[in-house]
Amino acid sequence: MSALPEMSSLSNVDYGYAEKLYFSLKSYWLSLYSEGDCIPLRKQFSPAKVRSLIPNLYMLEWIDGGQIKVRHRGTGIEQATGSRFLAGAHLKNNSAAEWAQMERYFDTIFSVPCSAEGDWRYYTKEGEVYDAVTYSMPLYGRDDSQRIALGIMVLRRNFDQDLVDKCDGVDRADILHAVYKDMGFGVPEGVPVIVGR
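1. Looking at the packing of aromatic side chains
Phase 1 of the analysis: The tally for this structure, following the rule as stated, stands at twelve aromatic pairs.
Phase 2 of the analysis: With a centroid separation of 6.3 Å and 75° between ring planes, the pair formed by Trp29 and Phe185 is classed as edge-to-face. Taken together, the residues span a long stretch of sequence, with Trp29 in helix H1 (residues 12-36) and Phe185 in the loop between strand S6 (172-181) and strand S7 (194-195) at a distance of 156 residues.
Phase 3 of the analysis: For Trp29, a relative accessible area of 1% corresponds to the buried category.
Phase 4 of the analysis: Among the aromatic residues, those joined into a cluster by ring pairs are Trp62, Trp99, Tyr105, Phe106, Phe110 and Tyr140.
Phase 5 of the analysis: Geometry around Phe110 places Arg147 over its ring, the cationic atom sitting 5.5 Å from the centre.

What follows is the structure, encoded as structure tokens:
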């Protein structure tokens, strides 16, 4: 079971489901890795081979200079949020420190390679709160200059009124906790657990 702290709207069933999806994606990713003994390219990735994962799948591309392009959001993610959030709008509100943290995250998952597991809390400008568990791993785009985080997300709306009261009319996300995970190649030495605000 996940080592992450339990949140009020995500149950152990949600964590177990997310972990099951992660293991399926990791297995497929490792099969692609073994084809070339390197981080797979996007063109190697066949959605047909992970059909059951697609509703919870996302792809985020890191663009040098501190930008992220959302390349894919699964229908399960869209439906859970009414198609109006997690579209990347919250990223434009990142501080310089948060962009630096995102760049370190991309640098880390591509370095060994390894994956990342995280707990997130999303606040929407509409006054809704969502809690999510994510697992991500590296995937190159056209070549090794285009870096994509390929991931799984399971999320639930959180109705805790104290949290809803923290919504401030701006889409934003807080990382609550994250760890890097060994995918069979180790984890870089000295990489700390990510602790959010």
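2. Some words on the confidence of the model for the protein
Phase 1 of the analysis: On average, residues of the protein score 86 in pLDDT, and 88% of them reach the 70 mark or higher.
Phase 2 of the analysis: At the low end of the mean pLDDT range in the protein sits S7, at 54; at the high end sits helix H4 (residues 161-164), at 95.
Phase 3 of the analysis: Taken together, the stretch residues 1-7 has pLDDT below 50 and engages in 26 contacts with residues farther than four places along the chain or on a different chain.

3. What about the pairing of strand S5 (residues 147-158)?
Look at any regular strand and the pattern is simple: side chains alternate between the two faces of the sheet.
Phase 1 of the analysis: With ten of twelve residues buried, S5 is to be regarded as a mostly interior element.
Phase 2 of the analysis: Pairing between strand S1 (residues 57-63) and S5: six bridges, direction antiparallel. In the strand pairing of S5, Met59 is matched with Leu150.
Phase 3 of the analysis: Sheet analysis places strand S4 (residues 129-140) next to S5, joined by twelve bridges and oriented antiparallel. Counterpart to Met137 in the pairing with S5 is Leu150.
Phase 4 of the analysis: In sequence, S4 turns back onto S5 through a hairpin of six residues.

4. Points about the pairing of strand S3 (residues 115-123)
Phase 1 of the analysis: Most of S3 is tucked away: nine of the nine residues are buried.
Phase 2 of the analysis: What you see with S3 is no split at all: Ser115, Glu117, Asp119, Arg121 and Tyr123 on one side and Ala116, Gly118, Trp120 and Tyr122 on the other are buried throughout.
Phase 3 of the analysis: Summarising the sheet, S3 and S6 pair through nine bridges and their orientation is antiparallel. Looking across to S6, one finds that Trp120 is bridged to Ile175.
Phase 4 of the analysis: For S3 and S4, the ladder comprises eight bridges, and the chain directions are antiparallel. Its bridge partner lying in S4, Tyr122 is registered against Tyr130.
Phase 5 of the analysis: Linking S3 to S4, which pair antiparallel, is a turn of five residues; within it Gly127 sits at a positive phi near 90°.

5. Here's the deal with the nonpolar core
Phase 1 of the analysis: Leu25, Phe45, Ile68, Phe106 and Leu150 are the most contacted members of the largest nonpolar core, which totals 51 residues.
Phase 2 of the analysis: If you list the elements that add at least two residues to this core, you get H1, S1, helix H3 (96-111), S3, S4, S5 and S6.
Phase 3 of the analysis: For this core, the element with the highest residue contribution is H1, accounting for nine residues.
Phase 4 of the analysis: If near-sequence neighbours (up to four positions away) are discounted, Ile68 is found in contact with Leu60, Glu61, Trp62, Leu91, Trp99, Met102 and Phe106.

6. Some details on the environment of Glu117
Phase 1 of the analysis: Note that Glu117 resides in strand S3.
Phase 2 of the analysis: Residues Glu117 and Lys181, 64 residues apart in the sequence, show an inter-C-alpha distance of 7.0 Å.
Phase 3 of the analysis: At 3.1 Å, the side chain of Glu117 forms a polar contact with the side chain of Tyr135.

Reading the values: the criteria
- Residues numbered from 1 in each chain as written.
- Predicted model: local features only at pLDDT ≥ 70, side-chain atom pairs only at ≥ 80, totals over all residues.
- Heavy atoms only, no water.
- Phe/Tyr/Trp six-rings, centres within 6.5 Å; stacked < 30°, edge-to-face > 60°.
- Helix = DSSP H or I, 4+ residues; strand = E, 2+ residues; numbered from the N terminus.
- Buried < 20%, exposed > 50% of the residue type's maximum accessible area, 1.4 Å probe, protein only.
- Lys NZ or Arg CZ within 6 Å of the ring centre and 35° of its normal.
- pLDDT = per-residue confidence, 0-100.
- Contact = heavy atoms within 4.5 Å.
- Pairing = 2+ DSSP bridges.
- Core = buried A, V, L, I, M, F, W, Y, C linked by side-chain atoms within 4.5 Å.
- Polar contact = N/O pair within 3.5 Å; in protein donor to acceptor, adjacent residues only side chain to side chain.

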